[in-house]
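As a plain string of letters, each chain reads:
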Amino acid sequence: MQEAVVRAQAAPRAGSERSKRIRRNKWLYAMVLPGFLYFLVFKYIPMYGLIISFQDYKPFQGISGSKWVGFAHFERLFAEPDFLRILLNTLTLFGMNLLFYFPVPILLALMLNEVRIGFFKRFFQTLIYLPHFMSWVIIVSIGYVMLTMDGGIVNELLESMGFEKINFLLSPEWFRPMYIIQVIWREAGWGTIIYLAAIASVDTQLYEAARMDGAGRLRQIWHITLPAIRSVIIVLLVLKIGDVLELGFEHVYLLLNSMNRHVAEIIDTYVYTAGLQQGKFSYSTAVGFFKSLIGLVLVMTANRLAKKMGEEGVY
Amino acid sequence: MSKKGSVLLGAALIFGLLAGCAGGNDNEGGASPSADTGGSASAPAGASAGSAAPSSPDKPAEITVMLPLNTAETPPDTIKSEVEKLTNTKLTYQFFPADTYEEKLNASLATGSLADATYLKNQATFIQMKSAIRDGQFWEIGPYMDQFPNLSKLKKQVLDNTKVDGKLYSLYVGRPLARQGLVYRKDWADKLGLKAPETVDDVVAMAKAFTEQDPDGDGKPNTIGLTDRNDLIYGAFKTLASWMGTPNGWGEKDGQLQPDFAFPQYIASMDVLKQLRDAKEMNQDFAATSKTDQIKLFTGGQAGLYIGSMADVDSLNKDLIKNVPTAVLDTQALIKGPDGIQATWAIPGYNNVVLFPKSAVKDEAELKQVLAFFDKMMTPEVANMMYWGVEGTHYTVEDGKAKASDNQELTEREVKGFRDSVIGEPETNGMYEGYFTLPARIHGEELTAENEKIAVNDPTAALDSATYTEQGEELQKLITDASYQYMYGKIDKAGFDKAVEQWKSRGGDKIIEEFNAAYKK
């Protein structure tokens, strides 16, 4: 009884406190609102559509009229003879992204940071992030023109130096290197922006002190710059892992052909050719749903690891 | 951390994250189904506008039309307003780029926003649409056909090819049965003393000569024979295979229908291309070459042979003489295979069809109104307007044929978009045949007529197989991949047979069974 009374008294006080707090910060809440609405309208409400992955969805009948089929689409996916290969391809490309692409912007940012002439620094920074604004169609076309065996500059060069021509575009061995190099070329410069900003925030007194103690450039980078941006690196790493399966549908689809399909087919391209192109909405949704689940598991694992390492993580 | 620095860092993080989100959406555009349907749902929103009450006969009927666009820009209203006047209609055209038309079609189907008259893209999309047709989403128009004198002129054989379970749902856009042939550099052949090829061996010999004997006379080994692309059907392969005696899609073997790749001629045809590629007498990267790049090799003066539609010779010639003013082209067909027999594959007489969704066309009266528009489209005045354009502006009449104006860009921009939607063909809708000036094209037209006599049809064109509709295209990917791998020497005959076995075990056996059951009926 007594407890209830206490709680009843406490409740209105807490409520008024909260509304007071909201009123005090109303502009902050107003600023949050558009972002909140964005996620609600474009990210949460569409999740309703996931229902169709458990249905035999017929557009004509709509979600309410379509037949329920339970896990049939998922069963079909797991029974697909190519399923394991496609999953492995996806994870391999993801692994290569982490291993080869992820460190590049950090290295670039460190290098740019050491450039002392302001003009050069700005010039190169602009130059290396320009490719980010090109579409994959253009980048893949440039790749084709350079690498084709029928008069491509790279192969002509190889031939003139006495080497055999290499079939870059059609050989399964070259698909992954080609993919990752194009990713690095397009995205690495853009990725440096955040790191450069983080580096700019490092207290310059630390460097002065280090110099007094006789630390060289490399020592300064190792003992001051890198530890200072460590948390930024980890946050970006966790976010990157969250995007695990966003490998760039367009990019892979454009590079894909009959000769490299067994290494190049990833979940995204599979969804497109086996599902969307043939109007199999339920199956496509089921595959996409599965992909999101993998992403969720990975990001949770990565976040837990980050916390174990004493960092804040993303949530 | 200095205060200024941390503000900067915060701003950069937010900026970076926003950019990251935007980038993410960018990718999703093609990948995630929900984003895609959401985006396109709004586009054809005005689709169901054709609900004007047909009360007074003078009031123009409102009709919406959805169709693929094969040019870069949406055409202006020049032709549309003329057609509206001629047919007493108010037309709303919704053009969507042909490259992504299937997606648009599926999305519009899913959201019930198709137009009154919905064109598909080609025969392959028609096969995909069959399950939706069977679900009863489109009007069956067979029973209404005899009320429309012009529509009933359409060729019965072609209409039969477009039937689903024996019922007619669509009108077809006609195309000559067999335009496939060879386009080659006559100036090179003359220089090297080669006659027009008559057998597949002649074609191979010509490719060899074009590669080795320096036909352009610059003393450098910079020419090849054949230029091909990553398309087994409309590229060189299927045409070459049909010359070699491979059936068109499906053929009869021991009294049973079997897919083309089960025939020894299919293997022999792959061997021909493999031999050409191994000898560097064709472009080495053809499995990754787009049509644009394929044509560039030809119009740039590197390659001397092109196997595909002979109607392409006009545009090939136009671009080639810009680079090589002395070049002369000719067309050739009726090529004999190793056993001396002439054969060539034929399309089922249509290039595309138009369907009438029940979600847009609400009742019979409305359907008749829409069909009446198509009936009028099949009169010479309207068909000519939509196919050739405005007389005097886009074409002139010579010898009772239409001669396209020299201003090709104008025609391309204003007329091309409508041209691909004209129902029927000159014999049935009374429009002009084309008047050509390029000798190679005239020759090509003659050969097209000759081709019809030796044309091989696809026996399954009018047959149905539920498994094929459901899985056929996905399974075909196995065969396509294996065919390229065979031609590139990655797998041998045993490896190819293994792919065929996979095809069979994953559903191919059922397709064979179903087609044969339908064939026997």
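Rules behind the numbers
- Residues numbered from 1 in each chain as written.
- Chains lettered and ligands numbered in written order.
- Predicted model: local features only at pLDDT ≥ 70, side-chain atom pairs only at ≥ 80, totals over all residues.
- Helix = DSSP H or I, 4+ residues; strand = E, 2+ residues; numbered from the N terminus.
- Rg over C-alpha atoms; globule rule 2.2 N^0.38 Å.
- Buried ≥ 20, exposed ≤ 12 C-beta atoms within 10 Å, placed from the backbone.
- Contact = placed C-beta atoms within 7 Å.
- Pairing = 2+ DSSP bridges.
- Axes fitted to C-alpha atoms, helices over the stretch in contact; angles between N-to-C directions.
- UniProt positions renumbered as here; feature names shortened; annotations may be inferred.
- Domains from an automatic or database assignment.
- Expected span 1.5 Å × (residues − 1).
- Bend = angle between axes of the 7 residues up to and from the residue.
- Right-handed = clockwise from strand over helix to strand, strands pointing away.
- pLDDT = per-residue confidence, 0-100.
- Parallel < 35°, antiparallel > 145°, perpendicular 65-115°, else oblique.
- Left-handed = near helix turned anticlockwise from the far one by under 90°.
- Nonpolar A, V, L, I, M, F, W, Y, C, P; charged D, E, K, R; others polar.

As annotated in an unreviewed UniProt entry, chain B carries the name Extracellular solute-binding protein and is attributed to Cohnella zeiphila.

Chain A goes by Sugar ABC transporter permease in an unreviewed UniProt entry, where it is assigned to Cohnella zeiphila.

Q: Describe the overall build of chain A, with residues and values.
A: Helices and strands together make up the secondary structure of chain A, namely 16 helices and 2 strands. In terms of overall dimensions, chain A is more spread out than a globule: its C-alpha atoms have a radius of gyration of 26 Å, far above the 20 Å expected for 315 residues. Counting every position in chain A, which comprises 315 residues, the buried fraction comes to 30%. Considering only contacts in chain A between residues 6 or more positions apart, those separated by 24 or more positions represent 65%.

Q: Kindly report on the sheet that holds strand 10 (residues 329-332) of chain B, identifying the contributing residues and their values.
A: Residues and elements named next belong to chain B. Read across the open sheet, the 4 strands follow the order 6-9-5-10; overall the sheet is mixed. Bordering the open sheet on either side are strand 6 (224-227) and strand 10, each of which pairs with just one other strand. Neighbouring strand axes in the sheet, compared pairwise and without regard to direction, differ in orientation by 20 degrees on average. Two strands pair when backbone bridges link them, and strand 5 (residues 180-185) and strand 9 (residues 303-309) are joined in this way by 5 bridges, in the antiparallel orientation. Across the sheet, the residue bridging to Gln 180 is Ser 309, located in strand 9. Sheet strands in contact with helix 9 (residues 236-243) are strand 5, strand 6 and strand 9, and its direction is about 80 degrees off that of strand 9. Where helix 12 (residues 313-323) meets the sheet, its contacts fall on strand 5, strand 9 and strand 10, and the angle it forms with strand 10 comes to roughly 160 degrees.

Q: Pulling in residues and values, what's your account of the UniProt feature "transmembrane region" (unreviewed entry) in chain A?
A: Residues and elements named next belong to chain A. Mapped onto this numbering, the UniProt entry gives "transmembrane region" (unreviewed entry) at residues 27-45, 86-111, 123-147, 179-200, 221-239 and 281-299. Summarising residues 179-200: 100% helix, 0% strand, and an end-to-end C-alpha distance of 32 Å. Along residues 281-299 the backbone is 100% helical and 0% strand, and the end-to-end C-alpha distance reaches 27 Å.

Q: Would you mind going over the domain arrangement of chain B in detail, with residue names and values included?
A: Residues and elements named next belong to chain B. Here chain B is described as being made up of domain 1 (55-176 + 349-431) and domain 2 (180-347 + 457-520). Put simply, the middle of domain 1 and the middle of domain 2, counted by C-alpha atoms, are 31 Å apart. Contact residues are listed per partner, giving 9 residues for domain 1 and 5 residues for domain 2. Elements with a contribution of two residues or more to the side of domain 1 that touches domain 2: helix 5 (123-134) and helix 6 (156-161). For the side of domain 1 that touches domain 2, the element with the highest residue contribution is helix 5, accounting for 3 residues.

Q: Before we move on, could you go through helix 16 (residues 281-308) of chain A and cite the residues and values that matter?
A: The terminal C-alpha atoms of helix 16 of chain A, which comprises 28 residues, lie 41 Å apart, in line with the 40 Å expected from a rise of 1.5 Å per residue. Gly 310 of chain A, located one to two residues past helix 16 of chain A, shows a positive phi value of around 85 degrees.

Q: Before we move on, could you go through the environment of Ser 284 of chain A and cite the residues and values that matter?
A: All names here are of chain A. In this fold, Ser 284 is placed in helix 16. Note on Ser 284: 28 C-beta atoms within 10 Å, which makes it buried. Considered as a pair, Ser 284 and Ile 52 are 232 residues apart in the sequence and their alpha carbons are 9.6 Å apart.

Q: So what about helix 10 (residues 172-200) of chain A? Which residues, and what values?
A: Over its 29 residues, helix 10 of chain A extends 42 Å from the first C-alpha to the last, a length consistent with the 42 Å expected when each residue adds 1.5 Å. Maximum bend of helix 10 of chain A: about 45 degrees, positioned at Glu 187 of chain A.

Q: So what's going on with the domain arrangement of chain A? Which residues, and what values?
A: All names here are of chain A. Here the domain parsing of chain A yields domain 1 (16-70) and domain 2 (81-308). Its C-alpha centre places domain 1 at a distance of 31 Å from the equivalent point of domain 2. With 7 residues of domain 1 at the interface, the matching set in domain 2 holds 5 residues.

Q: Mind laying out the pairing of strand 2 (residues 89-97) of chain B, listing which residues take part and the relevant values?
A: All names here are of chain B. With 9 bridges joining them, strand 1 (residues 61-69) and strand 2 adopt parallel strand pairing. Bridge assignment links Val 65 to a residue of strand 2, and that residue is Tyr 93. At this point the chain moves from strand 1, through helix 3 (residues 78-87), to the parallel strand 2, and the crossover so formed is right-handed.

Q: How would you summarise the confidence of the model for chain B if you had to cite specific residues and measurements?
A: Residues and elements named next belong to chain B. Taken as a whole, chain B shows an average pLDDT of 85; of its residues, 89% reach a score of 70 or greater. The low-confidence segment residues 1-56 (pLDDT under 50) makes 86 contacts with residues lying over four places distant or belonging to another chain. Two summary scores accompany this predicted model of the complex, namely pTM at 0.78 and ipTM at 0.76.

Q: A description of the packing of helix 12 (residues 217-242) of chain A against helix 16 of chain A should follow, citing residues and the corresponding values.
A: Residue and element names in this part refer to chain A. For the pair helix 12 and helix 16, the least separation of the axes is 8 Å and the interaxial angle reads 165 degrees. Judged by the angle between their axes, helix 12 and helix 16 are roughly antiparallel. In this structure, helix 12 meets helix 16 at a crossing whose hand is right-handed. Here helix 12 contributes Ile 234, Leu 237, Val 238, Ile 241 and Gly 242 to the contact with helix 16, which in turn contributes Gly 295, Leu 298, Val 299, Ala 302, Asn 303 and Ala 306. Split by residue class, the contact of helix 12 with helix 16 holds 8 nonpolar, 3 polar and no charged.

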